[in-house]
Amino acid sequence: QVQLVESGGGLVQAGGSLRLACGAFGINFRFYKMGWYRQTPGKQRELVADFTSGGSTNYADSVKGRFTISRDNAKNTVYLQMNSLKPEDTAVYYCNAVTVFGAKQYWGQGTQVTVSS
């Protein structure tokens, strides 16, 4: 059974930092593009950061220079380091795993990040 389990969300003041982690179970992790998305009520889920099929990283313009995505294939885990957080970063953050050609895709249950002003 495939599971993506996120952790690390919480409440932080503006300007603070959080690190999200997503552990993947039941997939051959190294063959999946991993990414982070976020969603606020009434809005579509949006890409925050992910790995391209070539292994490089891709970021939403709104988080460039503040967020860093990384992965540890030995631990089947992907991370999202979030610095200089802003109230507009408040959202539920979801971990995503997708094969290179998109044949299989999985989502985590989401973790709430709240940034107070």
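You'll find the structure just up there.
Since the structure is predicted, the reported quantities are computational estimates derived from the model, not experimental observations.

A short note on the packing of aromatic side chains
Phase 1: Enumeration over the complete set of coordinates arrives at 2 aromatic pairs.
Phase 2: Ring plane angle 45 degrees and centroid distance 6.2 Å describe the contact between tyrosine 32 and tyrosine 106, whose orientation is recorded as tilted. You can see tyrosine 32 sitting in strand β4 (residues 32-39) and its partner tyrosine 106 sitting in strand β10 (residues 105-107), a full 74 residues away along the chain.
Phase 3: The class of tyrosine 106 is partly exposed, set by a relative accessible area of 26%.
Phase 4: Plain terms: the ring middles of tyrosine 37 and tryptophan 107 are 5.0 Å apart, the flat faces sit at 75 degrees to each other, and that makes the pair edge-to-face. You can see tyrosine 37 sitting in strand β4 and its partner tryptophan 107 sitting in strand β10, a full 70 residues away along the chain.
Phase 5: Here tryptophan 107 falls in the partly exposed class, since its relative accessible area comes to 35%.
Phase 6: The ring of phenylalanine 51 carries the charged tip of arginine 71 above its face, separated from the ring centre by 5.4 Å.

Section: the state of the cysteines
Phase 1: By the definition in use, this model includes 1 disulfide.
Phase 2: Across a sulfur-sulfur distance of 2.1 Å, cysteine 22 and cysteine 95 are joined as a disulfide pair. Across the disulfide from cysteine 22 to cysteine 95, rotation about the S-S bond amounts to roughly -80 degrees, and the bridge is consequently left-handed. Residue cysteine 22 is located in strand β3 (residues 18-25), and its partner cysteine 95 is located in strand β9 (residues 91-99); the two are separated by 73 residues in the primary sequence. As far as burial versus exposure is concerned, cysteine 22 and cysteine 95 are alike and both buried.

Some points on the nonpolar core
Phase 1: Judged by nonpolar contacts, the single largest core of 29 residues is most densely connected at Trp36, Val78, Leu80, Met82 and Tyr93.
Phase 2: Looking at this core, the elements that each hand over two or more residues are β3, β4, β5 (46-51), β7 (67-72), β8 (77-82), β9 and β11 (111-116).
Phase 3: Not counting chain neighbours up to four residues away, the residues in contact with valine 78 comprise Leu20, Ala21, Cys22, Phe29, Met34, Trp36, Phe51, Ile69, Ser70, Arg71 and Cys95.

A look at the sheet that holds β7
Phase 1: Reading across from one edge, β1-β3-β8-β7 is the order of the 4 strands in this open sheet, with antiparallel pairing throughout. In the strand order of this sheet, the two ends are held by β1 (3-7) and β7, each with one partner. Shown here is a sheet whose adjacent strand axes are inclined to one another by a mean of 15 degrees, direction ignored.
Phase 2: Sheet topology places β3 next to β8; 6 bridges connect them, and they run antiparallel. Directly across from leucine 20, in β8, lies its bridge partner leucine 80.

Overview of the pattern of salt bridges
Phase 1: Taken as a whole, this structure holds 4 salt bridges when the rule is applied.
Phase 2: Between arginine 38 and glutamate 46 there is a salt bridge, with its nearest N and O atoms 2.8 Å apart.
Phase 3: Residue classification places arginine 38 among the buried residues on the basis of a relative accessible area of 6%.
Phase 4: Among the salt bridges present, the one from arginine 38 reaches aspartate 89, with a minimum N-O distance of 3.0 Å. In this pair, arginine 38 sits in strand β4 while aspartate 89 sits in the loop between β8 and β9, placing the two residues 51 residues apart along the sequence.
Phase 5: A residue is classified by how much of its surface remains accessible, and aspartate 89, at 1% relative accessible area, is buried.

The rules we used
- Each residue is numbered by its place in its chain's sequence as written, counting from 1.
- Note on the predicted model: pLDDT of at least 70 is required for a residue's local features to be given, and 80 or more for side-chain atom pairs to be given and counted; whole-chain, interface and lining totals, by contrast, use all residues.
- In computing side-chain values, all of the structure's heavy atoms are included and hydrogens and water are not.
- Note on aromatic contacts: the rings of Phe and Tyr and the six-membered ring of Trp form a pair at centre separations within 6.5 Å, being stacked when their planes are under 30 degrees apart, edge-to-face when over 60 apart, and tilted otherwise.
- Only runs of H or I of at least four residues qualify as helices and only runs of E of at least two qualify as strands under DSSP, and these elements are numbered from the N terminus.
- Relative accessibility decides the category of a residue: with a 1.4 Å probe and only protein chains considered, values under 20% of the type maximum give buried, values over 50% give exposed, and everything between is partly exposed.
- Our definition puts a charge over a ring when NZ of Lys or CZ of Arg is within 6 Å of the ring centre and also within 35 degrees of the ring normal.
- Disulfide: a pair of cysteine sulfur atoms within 2.5 Å of each other.
- Among buried residues, those of type Ala, Val, Leu, Ile, Met, Phe, Trp, Tyr and Cys that are joined through side-chain atoms within 4.5 Å constitute a nonpolar core.
- Residues are treated as being in contact if the distance between any of their heavy atoms lies within 4.5 Å.
- When DSSP finds two or more bridges between a pair of strands, those strands are recorded as paired.
- A fitted line through C-alpha atoms serves as each axis, taken over the contacting stretch for helices, and the angle formed by two N-to-C directions is quoted from 0 to 180°.
- By definition here, a salt bridge exists when the distance from a side-chain nitrogen of Lys or Arg to a carboxyl oxygen of Asp or Glu is within 4 Å.

On their own, these measurements won't tell you what the molecule is for.
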